[in-house]
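# Structure assessment
The lines below spell out each chain.
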Amino acid sequence: MKVRPVNLAVGAEITDMSIANITDDEAKQVHDALMQYGVVFFRDQEMTPRQHADFAKRYGEVPLAQKASFGVDANAPEVSTLEYDRERPPNVNHFHPDGLFREHPEFASVLYAKEVPEIGGDTIFVSGHAAYEALSDRMKQYLDGMQAQNDFMKLHSRPSKKRSWKGEGGKGMAAARDANPPVEHPVVRTHPVTGKKSLYVCESFTSWLVGVPEKESNHVLSYLFEHLSLPEFQYRFEWRNNSVAFWDNRCTLHYAVADYWPAYRYMHRCSIRLGEKPV
Ligand SMILES: [Fe+2]
């Protein structure tokens, strides 16, 4: 297999490797590349939902998918199905690391493109580490040791998420809400493997800086959200059918560009947990 960085801030492409037929040695090299680049991309992967879940299981615990915002694959209960069309407009166009609202956020996600629009529907990945490094020393000092409150409902009470609460998915949403009351995490997260620091807040979930007056919290957070959206920290990945992105939620954010409605987009996703609490 070959690993080629695609950007100075984040991301590498892995070629000459089949996820469905991966060896132990290749799996280790994929993990090394993931640690170094934050997200790794693969093209032209043929894999069943079962093989997708088995790949994810090499790296941690893969929980069963819950029917809530997304569906569940009939053949592999660990695989979430993300489906968008005229009736279900794309609505994940916000920067976030997956699971920031959980006490033990998922470590990584593996997203597999089954059917993507002819044009549009890219995903933007952001290096939380590059964003942190670009802050002034004074701002780094200010944020050092600070906690933020993160809230599932900050995102999921938005009008754009209304349809998640309808029908059968609504039960899953209510369960996710009840299982994830607002939680505090450090604003700057230290990566458990690389030791690198990353900004670990996002507009979707982060509601307050703990111990800071409300107006100050609002202004500092809106500055950090704007800072995190700068192109210097981004790589924009153009999907094709059978592309895969495998990202580390501890040091990256992502944004699904919602520019392709009413075209159809269908993806499979597995989440990987390690039971870690951000530090
Ligand atoms: Fe996500």
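Residues numbered from 1 in each chain as written. Predicted model: local features only at pLDDT ≥ 70, side-chain atom pairs only at ≥ 80, totals over all residues. Heavy atoms only, no water.

Turning to the overall build of the chain, a few remarks are in order. Assigned secondary structure in the chain consists of 7 helices and 16 strands. For a compact globule of 279 residues, the expected C-alpha radius of gyration is about 19 Å, and the chain comes in at 18 Å, within 12% of that figure. Counting only C-alpha atoms and orienting by the principal axes, one finds that the chain spans roughly 50 × 45 × 35 Å. Residues classed as buried in the chain amount to 54% of the 279 residues present. Long-range pairs, those at least 24 residues apart, make up 82% of the contacts in the chain between residues at least 6 apart in sequence. Summing over all exposed atoms, the chain offers an accessible surface of approximately 12,800 Å²; the carbon and sulfur share of this is 49%. Measuring between centres, the 33 positive side-chain charges of the chain sit 3 Å from its 37 negative side-chain charges. (Helix = DSSP H or I, 4+ residues; strand = E, 2+ residues; numbered from the N terminus. Rg over C-alpha atoms; globule rule 2.2 N^0.38 Å. Buried < 20%, exposed > 50% of the residue type's maximum accessible area, 1.4 Å probe, protein only. Contact = heavy atoms within 4.5 Å. Areas by Shrake-Rupley, 256 points an atom, 1.4 Å probe, with all protein chains shown as cover. Lys, Arg positive; Asp, Glu negative; His and termini not counted. Charge placed at Lys NZ, Arg CZ, Asp CG, Glu CD.)

A few words on the coordination of the iron ion. For the iron ion, the protein coordination sphere consists of H96 (NE2), D98 (OD) and H254 (NE2), at 2.1 to 2.2 Å. Look at where the donors of the iron ion fall in the sequence and you get H-x1-D-x155-H. Within this pair, whereas H96 is found in the loop between β5 (80-84) and β6 (108-115), its partner H254 is found in strand β15 (residues 252-256), the two being separated by 158 residues in sequence. A relative accessible area of 5% means that H96 is categorised as buried. Residue H254 is classed as buried on the basis of its relative accessible area, which comes to 6%. (Donors = N, O, S within 2.8 Å, 3.2 Å for Na, K, Ca; no water.)

Glancing now at the pattern of salt bridges. By the definition in use, this model includes 19 salt bridges. The residue K2 makes a salt bridge to D16 at a minimum N-O spacing of 3.1 Å. Remark: D16 occurs in the loop between β2 (12-15) and α1 (24-37) and K2 occurs in strand β1 (residues 2-5); sequence separation between them is 14 residues. Accessibility expressed as a relative area gives 54% for K2, which makes it exposed. For D16, a relative accessible area of 53% translates into the label exposed. Residues D178 and R177 are paired through a salt bridge, measuring 3.1 Å at the closest nitrogen-oxygen approach. (Salt bridge = Lys/Arg side-chain N within 4 Å of Asp/Glu carboxyl O.)

This next bit is on the side chain of D73. With respect to the element layout, D73 can be found in the loop between β4 (71-72) and β5. Buried within the structure, D73 lacks any salt-bridge partner; its nearest side chain of opposite charge belongs to K114, at an N-O separation of 7.5 Å. Setting aside residues up to four positions removed in sequence, D73 forms contacts with P49, V79, T81 and H268.

For helix α7 (residues 214-228), built from 15 residues, the straight-helix expectation of 21 Å at 1.5 Å per residue is met to within 8% by its first-to-last C-alpha distance of 21 Å. Within the span of α7, buried status applies to S217, V220, L221, L224, F225, H227 and L228. Along the axis of α7, the buried residues cluster in a sector spanning 160°; they form a single face. In α7, the exposed positions that point more than 90 degrees away from the buried face belong to K215, H219 and E226. (Expected span 1.5 Å × (residues − 1). Arc of directions from axis to C-beta.)

Here we take up the sheet that holds β4. A sheet is described by the order of its strands in space; here 8 strands give the open sequence β1-β2-β3-β14-β6-β16-β5-β4, paired in mixed fashion. In the strand order of this sheet, the two ends are held by β1 and β4, each with one partner. Note that β6 and strand β14 (residues 244-248) share 5 bridges and pair antiparallel. For L111, the partnering residue across the bridge sits in β14 and is A245. (Pairing = 2+ DSSP bridges.)

This model, assessed by the stated rule, comprises 0 disulfides. Here C270 is not cross-linked by a disulfide; its sulfur's nearest cysteine counterpart is in C251, at 19 Å. (Disulfide = S-S within 2.5 Å.)

The subject of this paragraph is the nonpolar core. The biggest cluster of nonpolar side chains holds 33 residues, and the ones touching the most others in it are L143, V187, L199, V201, L209 and L224. Of all the elements in the fold, those that place two or more residues in this core are β7 (123-127), α3 (128-133), α4 (137-143), α5 (152-156) and α7. The element that contributes the greatest number of residues to this core is α7, accounting for 5 residues. Among residues more than four places away in sequence, those in contact with V187 are L143, M146, Q147, A148, S198, L199, Y200, V201, L209 and L224. (Core = buried A, V, L, I, M, F, W, Y, C linked by side-chain atoms within 4.5 Å.)

This part takes up the sheet that holds β7. Within a sheet, neighbouring strands are paired by backbone hydrogen bonds and run either parallel or antiparallel to one another. Taken in spatial order, the 3 strands make up an open sheet running β13-β7-β15, and their pairing is antiparallel. Bordering the open sheet on either side are β13 (234-237) and β15, each of which pairs with just one other strand. Averaged over neighbouring strand pairs, the angle between their axes works out to 20° when direction is ignored. Pairing between β7 and β15: 5 bridges, direction antiparallel. Bridge pairing in β15 links F125 to H254. (Axes fitted to C-alpha atoms, helices over the stretch in contact; angles between N-to-C directions.)

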